[in-house]
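Topology and contacts: notes
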Amino acid sequence: MIDETPSLLIVGGLTVDAFADGTRAPGGSVLHSGLAASAAGVRPRILTIAGDEPEATVGLDRLQSIAADVACQTAGATTTFRHTEHEGRRVLVLDALAGPMTTDAPAVDGQTVALVAPIADELSAGGLTALLGRLEPRRAVFLIQGWLRRLEIGVTVHPLALAEVDEALWSAFARADAVVVSTEDLAEHPEDPFAQAAALRARLGPRPILCLTLGAEGYLLDDPAVDRVVASVPRRVVEGVPTVGAGDTFGAAFAIALGDGDGAGRAAERATEAVIGMLETRVP
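Residues numbered from 1 in each chain as written. Predicted model: local features only at pLDDT ≥ 70, side-chain atom pairs only at ≥ 80, totals over all residues. Heavy atoms only, no water.

Points about unusual backbone geometry
As a reminder, the rule being used: Each helix corresponds to a stretch of at least 4 residues labelled H or I by DSSP, and each strand to a stretch of at least 2 residues labelled E; elements are numbered beginning at the N terminus. The cut-offs for exposure are 20% and 50% of the maximum accessible area for each residue type, with area from a 1.4 Å probe on protein chains only; residues under the lower value are buried, those over the upper are exposed, and the others partly exposed.
The backbone phi angle of Asp-121 is positive, close to 55°, even though this residue is not glycine. Along the chain, Asp-121 turns up in the loop between β8 (112–116) and α3 (125–135). Even without being a glycine, His-189 presents a positive backbone phi close to 50°. With respect to the secondary-structure elements, His-189 resides in the loop between β12 (178–182) and α5 (193–204). Its relative accessible area of 41% is what places His-189 among the partly exposed residues.

Re the sheet that holds strand β13 (residues 209–213)
Here is the rule we go by: At least two DSSP bridges between two strands are required for those strands to pair. Axes, fitted as lines to C-alpha atoms, cover a helix only where it is in contact. Angles between the N-to-C directions of the axes lie from 0 to 180 degrees. By the convention used here, residues are in contact when the closest approach between their heavy atoms is within 4.5 Å.
Strand order across the open sheet formed by nine strands is β5-β4-β1-β8-β9-β12-β13-β14-β15, with mixed pairing between neighbours. At either margin of the open sheet sits one strand with a lone partner, and together these are β5 (69–74) and β15 (229–232). In this sheet, neighbouring strand axes are inclined to one another by 15° on average, regardless of whether the strands run parallel or antiparallel. Where strand β1 (residues 7–11) lies against strand β4 (residues 45–50), three bridges are found, and the strand directions are parallel. Of the residues in β4, the one forming a bridge with Val-11 is Leu-47. Running at roughly 150° to β13, α5 makes contact with β12, β13, β14 (219–222) and β15 of the sheet. The strands touched by helix α6 (residues 246–259) within the sheet are β1, β8, β9 (139–143), β12, β13 and β14, with β9 carrying the most contacts at an inclination of about 165°.

Side note on the pattern of salt bridges
Note the following rule: When a carboxyl oxygen of Asp or Glu lies within 4 Å of a side-chain nitrogen of Lys or Arg, that pair is called a salt bridge.
Per the stated rule, a full pass over the model turns up 13 salt bridges. One salt bridge connects Arg-45 with Asp-69, and the closest N-O pair in it is separated by 3.3 Å. Separated by 24 residues along the polypeptide, Arg-45 in strand β4 and Asp-69 in strand β5 bring together distant segments of the chain. Owing to a relative accessible area of 27%, Asp-69 belongs among the partly exposed residues under this scheme. Asp-262 is the salt-bridge partner of Arg-270, the closest N and O atoms lying 2.6 Å from each other. Residue classification places Arg-270 among the partly exposed residues on the basis of a relative accessible area of 26%. A relative accessible area of 16% means that Asp-262 is categorised as buried. Within the structure, one salt-bridge network assembled from shared partners comprises Arg-236, Glu-273 and Glu-280.

The following block contains the structure:
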């Protein structure tokens, strides 16, 4: 176990989420991960980017209430997604894009765990490398969904093929301590998560822990420290509630657990419990 309690830095964009019923709300990786950290008793530092829409202001106010500090870079617009559903799966349409982030970050120390979770490719490979070089975190955990999306204004968001992702990004990902991604964010082998995990491992190389989340079906965990890929299916499943933010909740809890000194298996168990707990709060 780690002697000192690690701090948590979350990096990624805020979003405005527009739903089919006409409502709009703040969202994005930093908000959902930040709320998950707060639920675990951690006050994270936040580095994000947003515009001045009312929903973005609400989201930043929520972050200010739970975070140790919030550094928000100003954009002409907040990344905005329209949420719809097709055959039981979430479909996103991109309506606005905040653009790239700089690598300015709050001051951190050697005990910091960095959770890097872009929502719409807002951090380049060079920016990612520069950020981690400045921070030198104890652990670096990447939620990579935001780098795996084909992004065009007014067009449905689709996952990129792995070969379409910049090789410089794969080189940066390879230096992470852990990479977390959902099976829904991958274009290849949508019905075969083991094949997805193998394809990702071939790109990532031998270093990072890889966790492929499978929604209500659990996760696959590929820990280079052990000799097999482990599949885990939760006994408790929460149905009939919105699952927005579940992946970010998993990622935050996973990063916190790794920072606490837990092994990958225990960290994934804690992350699963955090997601279940979050979903249970949404049960009417």
